[in-house]
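Structure at a glance
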Amino acid sequence: MTTKLIQAQTNKRGIKYALGTDGKTFSVWKLCENYAAHRKGGMSQTWRYIEKNLSQEAANQLFNRRAA
C-alpha cells in the first residue's frame, strides 16, 4: 500500500518533514539529500521514514516535535 503525504513543514534548520498515512496507520517522513553521480548537480532527494505504523495522535506528536 502506498503512503500519501498529508502535511509537510520545514523546521528552523531547513529540514523538511512530512506526515503521511496509508489509510489505516500514520507515519513521519524526512526529505534527505544524498550525493548521486548520475544526477545533474550531483544531489538526489528521497523521502525516508522516521517511524511507521503509528496512531494519529503519536504521529502528530512526533511530527510537531520534529518540525518545530
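Our subject in this report is the structure included herewith. Every chain's residues receive numbers from 1 upward, in the order its sequence appears when written. In view of the model being predicted, local features appear only for residues whose pLDDT reaches at least 70, and side-chain atom pairs are presented and counted only at 80 or more, with totals across whole chains, interfaces and linings using the full set of residues. Excluded from the side-chain calculations are hydrogens and water; all other atoms, namely the structure's heavy atoms, are used.

Strands are labelled as partners when DSSP assigns at least two bridges between them. Numbering of helices and strands runs from the N terminus; a helix is a DSSP stretch of H or I covering at least four residues, while a strand is a stretch of E covering at least two. Spatially, four strands are ordered β1-β2-β3-β4 in an open sheet, and the strand pairing comes out antiparallel. Both edges of this open sheet fall to β1 (4–10) and β4 (43–54), since each of them pairs with a single strand only. Mean inter-strand twist for the sheet, computed between neighbouring axes without regard to direction, equals 30°. Across six bridges, β1 lies against strand β2 (residues 16–21) in antiparallel orientation. Directly across from Q7, in β2, lies its bridge partner L19. As a rule, the C-alpha atoms of each element are fitted with a line to give its axis, helices using only the stretch in contact, and angles between N-to-C directions run from 0 to 180 degrees.

The next subject is unusual backbone geometry. One non-glycine residue, N53, lies in positive phi territory at about 55°. Looking at the element boundaries, N53 is found in strand β4. With a relative accessible area of 62%, N53 lands in the exposed category. Note on exposure labels: buried denotes an accessible area under 20% of the residue type's maximum, exposed denotes more than 50%, and partly exposed covers the range between, all computed with a 1.4 Å probe on protein chains only.

Once that is clear, we can look at the pairing of β2. Of all six residues that make up β2, five are buried, and the element is covered over most of its length. What sits between β1 and β2 in their antiparallel hairpin is a turn of five residues, with G14 showing a positive phi close to 90°. Of the strand pairs in this sheet, β2 and strand β3 (residues 26–35) are connected by five bridges, and their pairing is antiparallel. Paired with Y17 across the bridge in β3 is K30. Adjacent in sequence and paired antiparallel, β2 and β3 are bridged by four residues, among which G23 carries a positive phi angle near 100°.

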